[in-house]
Amino acid sequence: MQKNTGLIFAADLENGRRAINITNEISDLIDAVKVNYPIILSNGLQIVEELSRTKTVIADLKIADVPHINRKICRNVFEAGASAVICHGFTGKNSIEACIETANQMYGDVYVVAEMSHPDAERFIHHASKEIINIASQLGADGLIAPANDPKRLQKVRKQSKNMRILSPGVGVQGGGAKTAIQAGADQIIVGRSIYDHREPRQAAEKIVQDIGYTNP
């Protein structure tokens, strides 16, 4: 996945047509579009295929199952047109490895969740973050997911992950700032509601890209 503006659009919508329309409207402002369960369950895997005609698609299914199921999930979304998947890291080495092996066979990328952006994440996943990062690095994952709305945690992930790419959700509604996240170590930020709930999605995306500061489209 190329890094141009640093912005990834999270199309966390159930209305597939609206997701496609917004993606088309802001396609020059984003590096990729991220899809998750709501849009796929509402529209089927066809939505991945349709969006991939416009932009690189990241399937954010937070894959967290036993290895043979992880392989099936990855294969299905890659065959539908996704270029990358997001998997959980707390399931351990074998489950992450299953995703990475399948991605390598299908020329896709894998991003591993090292931290989450919601408040209750600190109860469990924070304690395993360092080990998750180490496993992801050892297995050759393409990058990590770490929260933009917790700069201190993001800085720790950056320090531990060294040169791995970091994608950061949590900008806007969840309280994170685009510029702050980049300064804390994120390579690209993931934004959904602040764009698709805005009365002018393109205007919102332009402002975020300006805050990131990579380019001036």
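Residues numbered from 1 in each chain as written. Predicted model: local features only at pLDDT ≥ 70, side-chain atom pairs only at ≥ 80, totals over all residues. Heavy atoms only, no water.

> Run through the nonpolar core, naming residues and quoting values.
By size, the foremost hydrophobic cluster in this structure holds 62 residues, and its most contacted members are Leu7, Phe9, Val112, Ile189 and Ile195. Element by element, the count of residues in this core is highest for helix α6 (residues 125–139), at five residues. Counting eleven residues, the second-largest nonpolar core is a separate cluster that includes Ile8, Ala84, Tyr111 and Ile190. (Core = buried A, V, L, I, M, F, W, Y, C linked by side-chain atoms within 4.5 Å. Buried < 20%, exposed > 50% of the residue type's maximum accessible area, 1.4 Å probe, protein only. Helix = DSSP H or I, 4+ residues; strand = E, 2+ residues; numbered from the N terminus.)

> Any details on the packing of helix α1 (residues 16–26) against helix α10 (residues 201–212)? Residues and values, ideally.
It is at 9 Å that the axes of α1 and α10 come closest, and there the two elements cross at 50 degrees. Taken as axis vectors, α1 and α10 run oblique relative to one another. The way α1 lies across α10 gives a crossing that is right-handed. Along the contact surface, α1 presents Ile22, Glu25 and Ile26, while α10 presents Pro201, Arg202 and Ala205. (Axes fitted to C-alpha atoms, helices over the stretch in contact; angles between N-to-C directions. Parallel < 35°, antiparallel > 145°, perpendicular 65-115°, else oblique. Left-handed = near helix turned anticlockwise from the far one by under 90°. Contact = heavy atoms within 4.5 Å.)

> So, the pattern of salt bridges: which residues are in play, and what are the values?
Side chains that differ in charge, positive against negative, can pair when their charged atoms come close. Under the definition given, this model contains twelve salt bridges. Lysine 207 is paired through a salt bridge with aspartate 211; the nearest N and O atoms lie 3.0 Å apart. Of the two residues, lysine 207 and aspartate 211 are both situated in helix α10; the distance of four residues between them amounts to about one turn of the helix. Through salt bridges with shared partners, a single ionic network connects Asp12, Lys34, Asp60 and Lys62. (Salt bridge = Lys/Arg side-chain N within 4 Å of Asp/Glu carboxyl O.)

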